[in-house]
Structure formats: C-alpha cells, structure tokens
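# Coordinate analysis (summary)
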Amino acid sequence: MKFHVFVFVGVVHLLSLNSGKAVYGNGISQRTFQEIKEEIACYGDVAKAIINLAVYGKAQNRSYERLALLVDTVGPRLSGSKSLEKAIQIMHQNLQEDGLENVHLEPVKIPHWERGEESAVMLEPRIHKMAVLGLGGSIGTPPEGITAEVLVVTSFDELQRRAPEARGKIVVYNQPYTNYSRAVQYRVQGAVEAAKVGALASLIRSVASFSIYSPHTGIQEYQDGVPKIPTACITVEDAEMMSRMASRGSRIVIQLKMGAKNYADADSFNTVAEIIGSKYPEQETENNRRAKSPRFRSSLYNLDMGPLLKICMVVLVSGHLDSWDVGQGAMDDGGGAFISWEALSLIKDLGLRPKRTLRLVLWTAEEQGGIGAFQYYQLHKANISNYSLVMESDLGTFLPSGLQFTGSDKARAIVEEVMCLLQPINVTQVFRAGEGTDINFWIQAGVPGASLLDDLYKYFSFHHSHGDTMTVMDPKQMNIAAAVWAVVSYVIADMEEMLPRS
C-alpha cells in the first residue's frame, strides 16, 4: 500500500514539474511570496466591486432583511424542534430561488430536548421569584420540585474545599466573568462537579459580559458514572445577591421546578449550496475515479494523467441555523448564517465564478456541540486535502475588527495580503485563533480556518438570552461583515494555489 501511494505521488510530482512548477509535499506551488502578493493585488477591483455592491449598492441591507423575515416568521430554532426544521425547509427554498448551485440537504441525527415549565423561588431569607433558564440537556425535577438549602461557591476549588457542606443542597455558582472561555466551564461542568459532592441541583451564574437581569442558557454535559442532577442558569444579579447573603451568614432556601425532558434523537439536515468552481469543481469525474483505483495507481506507463491535476477543491463558508429556544436567534447565529449566504449572493450577482467551489453550509445542532457539523466532517473528511479554507461566522455580525485565522505562517501571510484588499472599509487586521464549533474538526486536522471577529463584549451581553433578537442587529454593520466574508472567500477560492498547510 505504501508503494502504491509513493508511485501515485511521484507521478503527480512529475506532472507538476512538466507544468513548470515544483510542489511542496502538500501540493502547493513553490512561487515566491512576491509573486503571490502581486497576484492578490490584482483582485483590488474585484474587492471594490464586492464592497460597493454590499455596502453602497442594491444589495445593501439585504442580509439584514432576509434574516428579519426568517426569524420573525419562525422564531427561535432549538435542536429537534419543528421550528428548526421549518427554517431549514425555508432556507432550502430560498437558496434555490437565489439561483445558487447544487442546493441540497444532507441528513443528520440531532438531540431533542425541551425545557418545559420551569421556576425558581427563593423561600428564605425572603420570598423572591428568580429568573431562570434550564441548561440544555438537563433532566427535570420531580413534579413537586426540589426544595433545599443553598451553598454558594465562586469556584470549583471552593466547592471541593466545602464538599461536606454540599450534600443535600443546591449548589449556586457565582463565578466571576473574566472572559467567556474561562467562565463557560461552570455552565458546562457545574452540574457534574456539584453531583460529585452530593448536591441535589446546581444553579449557575449566567455566562454574560453584562446583565439587565437576563438569564443566559447554553449546553451542559453530564458524565458517565456521575448522578444526573437538574441544572439551570440564573441572573448575574441573583447570583451576586445570594453570595452577599451567604457571606452575612443568612440561610438561603430555594424551590426549583424544571419540566425538562430529553427525547430520542431527531432527523435534521445540514443545508448546502454552492457556486461551482470554474477550474476545480467539486465533482467526481470518471477519470478521477479511475485514477484512484489501485490498478491505475500501480501503472507507471499510463501517462493519461491530466484529470489528476483537476482535483476537487473547496472553500467553505458557514454559520449555524439552529439556536436556543429564547429570543429569536438573530445574533447567534442567524447573522453568521445569513452573511455566509450573502457572500455567495454577492459573488453570483457580480457574475463571478472562482476557480474552486465556494460551498455554503448552514449547520444544524451547533448549540449541542457541533452535532450536525461532526456528521458532515465524518461524511466528507476523505476529501480533506481538497479544502483550501474553512470559515465560520459565529461570534456576531457587528462591525468587524478583522479576521481570526489558524494555519501555517505562509498561509497567514497570504491571508494578511488578502485582508489588505478590505482597506476601503478599514477592516484589515488578522488575529490569531480562527475557530468555530463547526469548523474546529477541520482545523484540528490541519485545514486552515477563519472566523469573523467583532465586539465580543456586546455579543456576550445578548448571547443565549431573550435579548437575542433583531433589535440587536445593525443592517449597516451586517453589510460590512458580508463584504469581508465575500472578499476573503472569493479571493482564496480563485487564487492559483490553495493555502499552504503546515
């Protein structure tokens, strides 16, 4: 088997030399960086045309208006819900009517959880009805609820130190918010850690950068071998109030009722549309299939190898269509999904067709841990070498600060040059750590990845809350975000070579 691969790669290398270009081990032409810079600079007029159409032309505000129509019609789109599947069918039709190519649905299985009726009431030291949102995947309480004394802690370390006090109580986490990645571990792991020390339930301070008495939901994870206990988020205000009460020695008692239920996995779909590449379309030709056969690979004398150079190549742009069941899911991640659609619309409207296929994927069940995206990865990972760049917008579509990027130093240098094309709208910075729940599978396997970066303080003020509505969105900022997304995806897809990998 190793011999066959060696022969195959060797023949491709000979062909590349015949074309006048040496190649790296990953198939990237070894041009000078100056040549690449000059190639990118030639896209200046195309970038200006995309910007003018998106920001000042007939397409301005289009992504905002499209998004408003969907979320006003369908509302929030929880994994496993009828509203999510209605949204998927609407988007499938929208993409077809927009004239995009290869529009189709790829079936997946996704979790189905419903929160039911829920309440949390402080009974001591005074009566106080608390705002509460159950966390995704949580079990419910008995019908009569759970009434118990509260133990307030600020960290997992404090919980361990006070473990003997936790048995039979409701653990309340009042962890400080320094950034999302640090604070979110309490939402994800809080129930498990509380259960390990014998707690009956856990209430987690909402992971939010700002609060006006708004609970913020999200996924949590149970652990095999650890009892499952009900878990929910409460407001920053209530968490801090109970922390103050506890520090004074007050006894706090809460009655928690949750009607949450988990059901069997539901059928759903990732929604896909494309602009098929002019030179490297995503299709399997008969010659390519023949070229992959062991018999063909082992032949040193078959010189009809032209189709081998016409490899299927893709730049993927994406956002997720599902949301939590509060607000409208306009910001998270309606905006990201719709600027990704808008990127293809802008390119199509200008009559552009890049060399590589531009593939739009609207993921399902991202909020449950990238469930739809993982199944897409399993289905398509055999073609991983053909993905030049994977992109996901899932951190808001406010005024972009720039692009987050993960990849080799050579790829980063290329992306920095591409971002210079966005000087007319003053969005040129390239930051570290491009990521996204749905594209991380590809990034971890070595594919370059990019994500849109903007105002994270604002984003996490509304994230997973009732406040995530169209009121948060700004059409002019969405126009700029869509322009960035379209320019980057088009140029990377149209360049002569794929982004180099490590």
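Residues numbered from 1 in each chain as written. Predicted model: local features only at pLDDT ≥ 70, side-chain atom pairs only at ≥ 80, totals over all residues. Heavy atoms only, no water.

### Looking at the overall build of the protein chain
- The helix and strand inventory of the protein chain stands at 18 helices and 16 strands.
- Counting all 502 residues of the protein chain, 57% fall into the buried class.
- Once local pairs closer than 6 in sequence are excluded, the contacts in the protein chain between residues at least 24 apart make up 81%.
- As displayed, the protein chain has an accessible area near 20800 Å², and 54% of this comes from carbon and sulfur atoms. (Helix = DSSP H or I, 4+ residues; strand = E, 2+ residues; numbered from the N terminus. Buried < 20%, exposed > 50% of the residue type's maximum accessible area, 1.4 Å probe, protein only. Contact = heavy atoms within 4.5 Å. Areas by Shrake-Rupley, 256 points an atom, 1.4 Å probe, with all protein chains shown as cover.)

### Points about the pattern of salt bridges
- For the structure shown, the criterion picks out 22 salt bridges.
- Notably, a salt bridge pairs Arg 66 with Glu 342, separated by 3.1 Å at the nearest N-O pair. With Arg 66 in helix α4 (residues 62-74) and Glu 342 in helix α13 (residues 330-349), this pair connects stretches of sequence that are 276 residues apart. The pair Arg 66 / Glu 342 is uniform in exposure class, with both members buried.
- A salt bridge links Glu 118 to Arg 115; its shortest N-O distance comes to 2.9 Å. The burial state of Glu 118 is the same as that of Arg 115; both residues are buried. (Salt bridge = Lys/Arg side-chain N within 4 Å of Asp/Glu carboxyl O.)

### Here's the deal with the side chain of Thr 235
- Position of Thr 235 among the secondary structure elements: in the loop between β8 (231-234) and α9 (236-247).
- A polar contact of 3.0 Å, which involves the side chain of Thr 235, links it to the backbone nitrogen of Asp 238.
- Among all residues touching Thr 235, those that are not within four sequence positions of it are Ala 131, Ser 206, Tyr 213, Ser 214 and Pro 215. (Polar contact = N/O pair within 3.5 Å; in protein donor to acceptor, adjacent residues only side chain to side chain.)

### Examining the sheet that holds strand β1 (residues 101-114)
- Here 8 strands make up an open sheet; going across it, the order is β1-β10-β12-β11-β13-β16-β14-β15 and the pairing mixed. Each edge of the sheet is formed by a strand with only one pairing partner; in this case those strands are β1 and β15 (429-431). Across this sheet, the average inter-strand angle for adjacent strands is 25°, counted without regard to direction.
- Packed onto the sheet, α13 meets β10 (261-275), β11 (314-320), β12 (357-363) and β16 (449-453) and runs at close to 145° relative to β11. (Pairing = 2+ DSSP bridges. Axes fitted to C-alpha atoms, helices over the stretch in contact; angles between N-to-C directions.)

### Observations concerning unusual backbone geometry
- Along the chain, Glu 124 connects to Pro 125 via a cis peptide bond; the corresponding omega equals 5°.
- Mapped onto the elements of the fold, Pro 125 is located in the loop between β2 (118-124) and β3 (128-130).
- The peptide bond linking Asp 332 to Asp 333 adopts the cis configuration, its omega dihedral lying at 0°.
- Tracing the backbone shows Asp 333 in helix α13.
- Its identity is not glycine, yet Asn 102 carries a phi of approximately 50°, on the positive side.
- As for its position among the elements, Asn 102 is in strand β1.

### Here we look at the pairing of strand β5 (residues 146-153)
- The element β5 is extensively covered by neighbouring structure, given that 6 of its 8 residues are classed as buried.
- The sheet contact formed by β5 and strand β9 (residues 253-258) spans 4 bridges and is antiparallel. Bridge pairing links Ala 148 to Ile 254 in β9.
- With 4 bridges joining them, β5 and strand β6 (residues 170-173) adopt parallel strand pairing. Within β6, the position partnered with Val 153 by the bridge is Tyr 173.

### Quick notes on the confidence of the model for the protein chain
- Taken over all residues, the pLDDT of the protein chain has a mean of 90, while the share at 70 or more is 88%.
- With pLDDT under 50 throughout, residues 283-311 is counted as low confidence; its partners more than four residues away or in other chains account for 36 contacts. (pLDDT = per-residue confidence, 0-100.)

### Comments concerning the nonpolar core
- Leu 95, Leu 389, Met 419, Ile 425 and Val 488 are the most contacted members of the largest nonpolar core, which totals 84 residues.
- It is helix α18 (residues 475-494) that contributes the most residues to this core, 14 residues altogether.
- Ignoring sequence-local partners within four residues, the contact set of Val 488 consists of Leu 389, Met 391, Leu 403, Val 418, Met 419 and Leu 422.
- If you look at the next biggest cluster of nonpolar residues, it comprises 27 residues, including Leu 78, Trp 113, Ala 163 and Ala 191. (Core = buried A, V, L, I, M, F, W, Y, C linked by side-chain atoms within 4.5 Å.)

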